[in-house]
Amino acid sequence: MKENKKKIIILGGGIAGLSAAYFLEQNNIDYKLFEKEKVLGGLCRTIKTKKGFLYDFTGHLLHFSDKNIENLVVKDLLKNNIEIHNRKSYIFIKNRFIDFPFQKNLYNLPEDIKKDCLYGYL
């Protein structure tokens, strides 16, 4: 009888794809990762020009809500090669400041804006 072995394919070598690959490897599960760029990292990567300038694709911000994941990333994977900032950011709308990220703090908005956001999402 032939064994029906699942094949796992990961599309994209950004932070989500690399995370999936990491945990599959930790559990000795075979996978294949495909990335269209020459280097991994997705939007969380930096390119270096021939003249030595560094350009980030985006701000490399990691938001941790789970202490175990934070320890894994900060201590184990990045070996503390990370700068920690406690950021307090706001968005000013309708004469009030809304905590950032906006999508997570809709409760502070007037009802008409909450409805617009919900309808826009749907």
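Summarised in this report is the structure supplied together with it.

Looking only at helices and strands, the protein features three helices and six strands. In sequence order, the protein lays out its α and β elements as β-α-β-β-β-α-β-β-α. Along the first, second and third principal axes, the C-alpha set of the protein runs to 65 × 50 × 30 Å. Taken across its 122 residues, the protein has 14% of its residues classed as buried. Considering only intrachain contacts with a sequence separation of at least 6, the fraction spanning at least 24 residues in the protein is 16%. Only carbon and sulfur atoms are counted for the fraction: they give 55% of the accessible area of the protein, which is about 11,000 Å². The average position of the 21 basic charges and that of the 14 acidic charges among the side chains of the protein differ by 5 Å.

Here the focus is the pattern of salt bridges. Summed over the entire model, instances satisfying the criterion amount to four salt bridges. As a salt-bridge pair, Glu37 and Arg45 come within 4.0 Å of each other at their nearest N and O atoms. For Arg45, a relative accessible area of 11% translates into the label buried.

With that settled, consider helix α2 (residues 67-77). For α2, every residue scored as buried is listed here: Leu72, Val73 and Val74. Looking down the long axis of α2, one finds its buried residues gathered within 170 degrees of arc, a one-sided arrangement. Opposite the packed face of α2, turned more than 90 degrees from it, sit the exposed residues Lys67 and Asn68. Along its buried surface, α2 packs onto α1 (15-26). The N-capping residue of α2, defined by a side-chain oxygen 2.8 Å from the backbone nitrogen of Asn68, is Asp66.

Consecutive side chains of a regular strand alternate in pointing toward one face of the sheet and then the other. With four bridges joining them, strand β1 (residues 8-11) and strand β2 (residues 31-34) adopt parallel strand pairing. Across the sheet, Leu11 pairs through a bridge with Phe34, a residue of β2. In this fold, β1 hands off to α1, which returns the chain to β2; that crossover is right-handed.

Turning next to the side chain of Asn105. Positionally, Asn105 belongs in the loop between β6 (96-99) and α3 (111-121). Its relative accessible area of 9% is what places Asn105 among the buried residues. Side-chain polar atoms of Asn105 contact the backbone oxygen of Asp99, separated by 3.1 Å. Those residues in contact with Asn105 that lie beyond four places of it in its chain are Ile98, Asp99 and Phe100.

Phi angles above zero are rare outside glycine, and Lys79 is one such case at about 50 degrees. In this structure, Lys79 sits in the loop between α2 and β5 (90-93). Assessed through its relative accessible area of 63%, Lys79 is described here as exposed. Positive phi, normally seen in glycine, also occurs at Asn80, with a value near 65 degrees.

Reading the values: rules and limits
Residues numbered from 1 in each chain as written. Predicted model: local features only at pLDDT ≥ 70, side-chain atom pairs only at ≥ 80, totals over all residues. Heavy atoms only, no water. Helix = DSSP H or I, 4+ residues; strand = E, 2+ residues; numbered from the N terminus. Buried < 20%, exposed > 50% of the residue type's maximum accessible area, 1.4 Å probe, protein only. Contact = heavy atoms within 4.5 Å. Areas by Shrake-Rupley, 256 points an atom, 1.4 Å probe, with all protein chains shown as cover. Lys, Arg positive; Asp, Glu negative; His and termini not counted. Charge placed at Lys NZ, Arg CZ, Asp CG, Glu CD. Salt bridge = Lys/Arg side-chain N within 4 Å of Asp/Glu carboxyl O. Arc of directions from axis to C-beta. Polar contact = N/O pair within 3.5 Å; in protein donor to acceptor, adjacent residues only side chain to side chain. Pairing = 2+ DSSP bridges. Right-handed = clockwise from strand over helix to strand, strands pointing away.

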